[in-house]
Amino acid sequence: MGILNVTPDSFSDGGEASDLAAAVKKGLQLEEDGADILDVGGESTRPGAEPVTVEEELKRVIPVIKALSAQIQIPISIDTTKAEVARQALQAGAIIINDISGLTFDPEMISLAASTKAGVICMHIQGTPQTMQDHPEYQNVVSDLMVWFKDRIQKLLDSGVDREQIVIDPGIGFGKTAEHNLDILSQIQDLKDLGFPVLIGHSRKRFLSKLLNRPVEERLAGTIGVSLALACQSVDILRLHDVAANRDALSAWDAISQRVT
């Protein structure tokens, strides 16, 4: 999944695609680089980010989705917590809703997903983007996530969302410390045992600075290292800024791993 942030303030690429022409160009490049899904977002969810209005988010994402859906072959997802933004994005050509709140922030999001049969990425977050990194606490982060996902998935199913629509995302960096993130990333099989595709968004995330002492612009190698560790655990979808570099690394890893006896 290639990340297309149509925002002025995202943590690592804010402003790179904040006008229509630049956003379309970047989206086309991500497809050429090997992305299988294009994730378009119009509101930064970095720690401490301020929310934007529905009107502003629509102004940012809808023209981009309309333009790209007419030019690319890969599916588009809309990265939003607002049902109205998701609704208009689906009408504009998106087919997946990527909701960092696990469809909890907007009470209309579940019914929208159920009625449209769009793909649903259900992500875990502790708190909100404004508060999530203040004091994240868990009894056991992986066990706590398992309980949360079982409850949330049942809610989706009971509300008319089909199992085939659902992908789960543990929300790396969303209300988790570096240690929490590492625990999750090393125990992917527990999540896969729930029976749904697993998406991980680790690209350029802050926990890599704890591991590597690198600023955000120097986290590509660390991101690729995590991608390879996740490939070893059969993660289904990787959400990435640097699609081409990760694709090359994963292709080389796969070519060799298939020959290992």
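Residues numbered from 1 in each chain as written. Predicted model: local features only at pLDDT ≥ 70, side-chain atom pairs only at ≥ 80, totals over all residues. Heavy atoms only, no water.

> Help me understand unusual backbone geometry, please; the structure alone is not making it clear to me.
Most peptide bonds take the trans form, and the phi angle of most residues other than glycine is negative. Despite not being glycine, Arg204 shows a phi value in the positive range, around 60°. Mapped onto the elements, Arg204 comes out in the loop between strand 7 (199–200) and helix 8 (207–212). Positive phi outside glycine occurs at Asn213, with the angle close to 55°. Within the secondary structure, Asn213 sits in the loop between helix 8 and helix 9 (220–231). (Helix = DSSP H or I, 4+ residues; strand = E, 2+ residues; numbered from the N terminus.)

> Would you mind showing me how to read the nonpolar core here?
Across soluble globular proteins, nonpolar side chains show a tendency to be buried alongside one another. Leu38, Val40, Ile65, Ile78, Ile97 and Ile168 are the most contacted members of the largest nonpolar core, which totals 65 residues. Looking at this core element by element, the count peaks at seven residues for helix 5 (residues 141–158). When near neighbours in sequence (up to four residues on either side) are disregarded, Ile97 contacts Ile78, Ala86, Leu90, Met109, Leu112, Ala113, Ala118, Gly119, Val120 and Ile121. With seven residues, the next largest nonpolar core counts Met1, Ile96, Ile121 and Val167 among its residues. (Core = buried A, V, L, I, M, F, W, Y, C linked by side-chain atoms within 4.5 Å. Buried < 20%, exposed > 50% of the residue type's maximum accessible area, 1.4 Å probe, protein only. Contact = heavy atoms within 4.5 Å.)

> How should I be thinking about the pairing of strand 1 (residues 2–5) in this particular structure?
In the case of a regular strand, side chains alternate between the two sheet surfaces. Neither face of strand 1 is left uncovered, since the one carrying Gly2 and Leu4 and the one carrying Ile3 and Asn5 both have all their residues buried. One ladder, built from four bridges, connects strand 1 with strand 2 (residues 38–41); its direction is parallel. Looking across to strand 2, one finds that Leu4 is bridged to Val40. (Pairing = 2+ DSSP bridges.)

> What is the right way to look at the pairing of strand 2 in this model?
Alternating residues of strand 2 divide into Leu38 and Val40 and Asp39 and Gly41, and every residue in both groups is buried. Looking at chain direction, strand 2 and strand 3 (residues 76–79) are connected through four bridges and run parallel. When the sheet's bridge partners are listed, Gly41 is paired in strand 3 with Asp79. The β-α-β motif built from strand 2, the intervening helix 2 (residues 54–69) and the parallel element strand 3 has right-handed crossover chirality. (Right-handed = clockwise from strand over helix to strand, strands pointing away.)

> Which parts of the structure should I look at to understand the sheet that holds strand 6 (residues 166–169)?
Backbone hydrogen bonds hold the strands of a sheet together, and the pairing may be parallel or antiparallel. Judged by pairing direction, the sheet is parallel, and its six strands sit side by side in the order 1-2-3-4-5-6 without closing on themselves. Either end of the sheet is taken by a strand with one partner, and the two such strands are strand 1 and strand 6. Neighbouring strand axes in the sheet, compared pairwise and without regard to direction, differ in orientation by 25° on average. The pairing of strand 3 with strand 4 (residues 96–99) spans three bridges and is classified as parallel. Bridging across to strand 4, Ile78 finds its partner in Ile97. The strands touched by helix 1 (residues 20–33) within the sheet are strand 1 and strand 2, with strand 1 carrying the most contacts at an inclination of about 175°. (Axes fitted to C-alpha atoms, helices over the stretch in contact; angles between N-to-C directions.)

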